[in-house]
Amino acid sequence: MTRPWRLLLLPSLFLWLAGVLTPLVFVLRMSLYAHGEGSGEKHFDALFYQPGTWSLQSILTVLTEPFYQRLFAFTALLALTVTTLTLLCGYLLGYLVYRATPKRKILLILLIALPKFTNILVFVFGVKMIFGANGFFPVVAGEVLLLVPYAALTIAATLETVPYHLVEAARGLGASPAAAFWRVTFPLSMPGVAAAAILTILWSASGFLGPYLLGEPVHYTVAVEVERQVRQNLNWTLAAALNVVLIALLAGGAYTMSLLRRRLA
Amino acid sequence: MKQSRFLGLFAALVYAFLHVPLLLLCAFSFNSSKFTVWEGFSLEWYRQMFADTQLAEAAWNSLVIALASTVLSTIIGTLCAYGLWKRGSKWLSGSLYLSLVTPEIVTGISMLAFFQWVFRYWQVQLGMHTVILAHVAFSIAYVLLVVMARLRTAEPALEEAALDLGANEWQAFKLVTLPMLKPGIAAAALLAFTVSFDDYVITAMVAGVDSETLPMVLYAMARRGANPVVSAISTVIFLGFGALILISDRMQKA
């Protein structure tokens with residue numbers, strides 16, 4: 001008898017192949033075409049790239065032009081700033097959830113999750129209203145506020161697995177509250193912090209709406225430039241090359257972090 | 001305990017900042033002035049919102065897309081989670097989560113490029129169907145995440161007991177595991193609905209001329225400058241989702 005549950009995986013696998021993996025392979029291939037002419041009575045897609053060609057032109061442009069180097073450097077700076085602040089705020093909120101009584105715990109979690117049930121766009125408009133003018137600070141604040149709920153809930157979930165009597169034992173043996181926290185609670189919550197850090201870096205480095213709606217053009221990220229290349233310049237190969245470099249950097253970063261995490265654990 | 005008071009104050013500030021943007025939008029949607037200066041109570045923006053036919057059409061599109069992709073992704077994702085639970089594979093579940101960590105803009109562009117390539121051989125256009133397909137493809141990972149979390153606490157022995165007592169595999173699933181999974185499936189559907197209804201970046205890439213969604217219209221309005229109609233729509237969406245959460249909470253308790 002064939003195992004029926006293997007069949008249950010089929011629809012997902014099919015959709016995953018058609019909707020996630022194949023398109024990703026397509027982006028990789030797209031970054032290696034010679035770029036299109038953008039005009040003329042060609043096949044629709046031939047406007048954006050020349051089918052059948054192989055070229056490193058777009059990737060080299062992204063890697064060598066100072067404009068793109070600056071763009072990636074700014075995106076990295078933004079992602080690191082946002083991640084640091086998000087983890088600080090997220091840890092604090094997560095810790096409060098951990099220490100709250102069961103009844104208040106649910107209330108605190110709900111209050112963290114509630115803003116997530118609105119449209120991201122709507123949320124960003126709200127942030128825009130607070131600050132009035134666009135700039136670096138509004139971008140950072142907007143991204144942090146968008147990501148704090150995820151970080152806080154991930155960290156809270158890990159803290160829940162830390163038995164509080166360990167801290168009480170440390171206190172009983174003479175540790176100060178700060179020492180008990182730094183030598184017992186904090187190391188045990190590290191897996192959650194690492195998971196939150198990876199998510200936050202990934203999402204803030206690929207943020208689009210926040211920088212676009214809250215920033216001036218100097219605060220635009222790689223994702224905004226990708227959108228501009230696709231929509232305005234119709235330069236799909238360059239957009240794909242930007243994506244490929246972004247994914248490579250993110251995957252490299254995530255891999256390094258998971259190695260670090262293994263060493264810390 | 002000066003330190004902990006400082007931390008408490010800081011936490012209260014973070015909590016406040018999480019909610020201030022929405023409260024501000026709600027407040028200014030009732031302002032009679034077009035600008036962010038309070039001039040008086042008015043329902044003018046709500047009147048304009050209901051009079052706007054383009055907006056109504058976009059809202060309808062969003063609703064249809066969100067409902068279709070929620071139903072499809074919840075069914076497919078739940079089946080997949082069940083299959084993975086029965087016969088786990090780290091490699092397989094890891095790759096299914098791939099779409100959660102892929103930047104939205106990458107998913108959007110890659111789907112657009114993929115659809116355009118398919119259309120060379122198959123004469124169709126971008127439209128509601130491409131948006132629904134894209135939404136199902138990225139929602140499945142969210143459904144998996146939630147349903148798998150619920151399954152992790154499930155006891156495989158219960159199904160085995162049902163099999164021992166003469167149930168077939170379908171009955172064991174339907175009568176034992178499915179009822180236990182219900183809260184998880186409901187939560188997954190709610191999440192799938194929100195991510196679909198909210199999505200802008202991917203949708204804007206794969207949408208055709210006839211499939212403009214609410215976030216796309218909102219976005220276009222906001223780019224044109226301060227517009228209290230946007231605040232009014234935001235308030236309505238927020239209240240709608242609030243009601244949805246309350247209803248689903250009631251249903252889970254009942």
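1. Describing the overall build of chain B
Point 1. Looking only at helices and strands, chain B features 12 helices and 0 strands.
Point 2. Helices (α) and strands (β) of chain B occur, in sequence order from the N terminus, as α-α-α-α-α-α-α-α-α-α-α-α.
Point 3. The principal-axis extent of the C-alpha atoms belonging to chain B is close to 70 × 70 × 35 Å.
Point 4. Here chain B holds 254 residues, and the buried ones make up 41% of them.
Point 5. In chain B, of all internal contacts separated by at least 6 residues, the share reaching a separation of at least 24 is 77%.

2. Structural notes on helix α9 (residues 169–198) of chain B
Because each turn of an α-helix spans 3.6 residues, side chains separated by three or four positions in sequence point in the same direction.
Point 1. The first and last C-alpha atoms of α9 of chain B sit only 38 Å apart over 30 residues, clearly below the 44 Å expected at 1.5 Å per residue.
Point 2. Of all the bends in α9 of chain B, the largest measures some 50° and sits at L178 of chain B, one to four residues before the proline P179 of chain B.

3. A closer look at the packing of helix α3 (residues 66–99) of chain A against helix α6 (residues 136–159) of chain A
Residues and elements named next belong to chain A.
Point 1. Where α3 contacts α6, the two axes come as close as 6 Å, and the packing angle between them is 45°. By the angle class used here, α3 and α6 are oblique. The handedness of the crossing between α3 and α6 comes out as right-handed.
Point 2. Of the residues in the contact of α3 with α6, the class split is 20 nonpolar, 4 polar and 1 charged.

4. Quick look at the confidence of the model for chain A
Point 1. Model confidence for chain A is summarised by a mean pLDDT of 81, while 89% of its residues fall at 70 or above.
Point 2. Confidence scores differ between elements of chain A, with strand β2 (residues 49–50) of chain A showing the lowest mean pLDDT of 69 and α3 of chain A the highest of 90.

5. A closer look at the environment of Y164 of chain A
Point 1. Relative to the assigned elements, Y164 of chain A resides in helix α7 (residues 164–172).
Point 2. Taking the C-alpha atoms as reference points, Y164 of chain A and R99 of chain A, separated by 65 residues in sequence, lie 8.9 Å from one another.

Cut-offs applied
The residue numbers shown here count from 1 along each chain, following its written sequence. Here the convention is simple: chains get letters from A, ligands get numbers from 1, in the order in which they are written. In view of the model being predicted, local features appear only for residues whose pLDDT reaches at least 70, and side-chain atom pairs are presented and counted only at 80 or more, with totals across whole chains, interfaces and linings using the full set of residues. Only DSSP runs of H or I covering at least 4 residues are called helices, and only runs of E covering at least 2 are called strands; the numbering of each starts at the N terminus. Here the C-beta atoms are placed from the backbone, and a residue counts as buried if at least 20 other C-beta atoms lie within 10 Å of its own, exposed if 12 or fewer do, and partly exposed otherwise. Here, residues touch in the contact sense if the C-beta positions derived from the backbone fall within 7 Å of one another. What a helix is expected to span follows from its residue count: subtract one and scale by 1.5 Å. The term bend refers to the angle at a residue between two fitted axes, each drawn through seven residues, those ending there and those starting there. All axes here are fitted lines through C-alpha atoms, helices being fitted over the stretch that makes contact, and every angle between N-to-C directions spans 0 to 180 degrees. An angle below 35 degrees is treated as roughly parallel, one above 145 as roughly antiparallel, one from 65 to 115 as roughly perpendicular, and anything else as oblique. Should the near helix be turned anticlockwise from the far one by less than a right angle, the crossing is termed left-handed; should it be turned clockwise, right-handed. Charged residues are taken to be Asp, Glu, Lys and Arg, nonpolar residues to be Ala, Val, Leu, Ile, Met, Phe, Trp, Tyr, Cys and Pro, and polar residues to be all remaining types, Gly included. As a per-residue measure, pLDDT tells how confident the predictor is, with possible values from 0 to 100.

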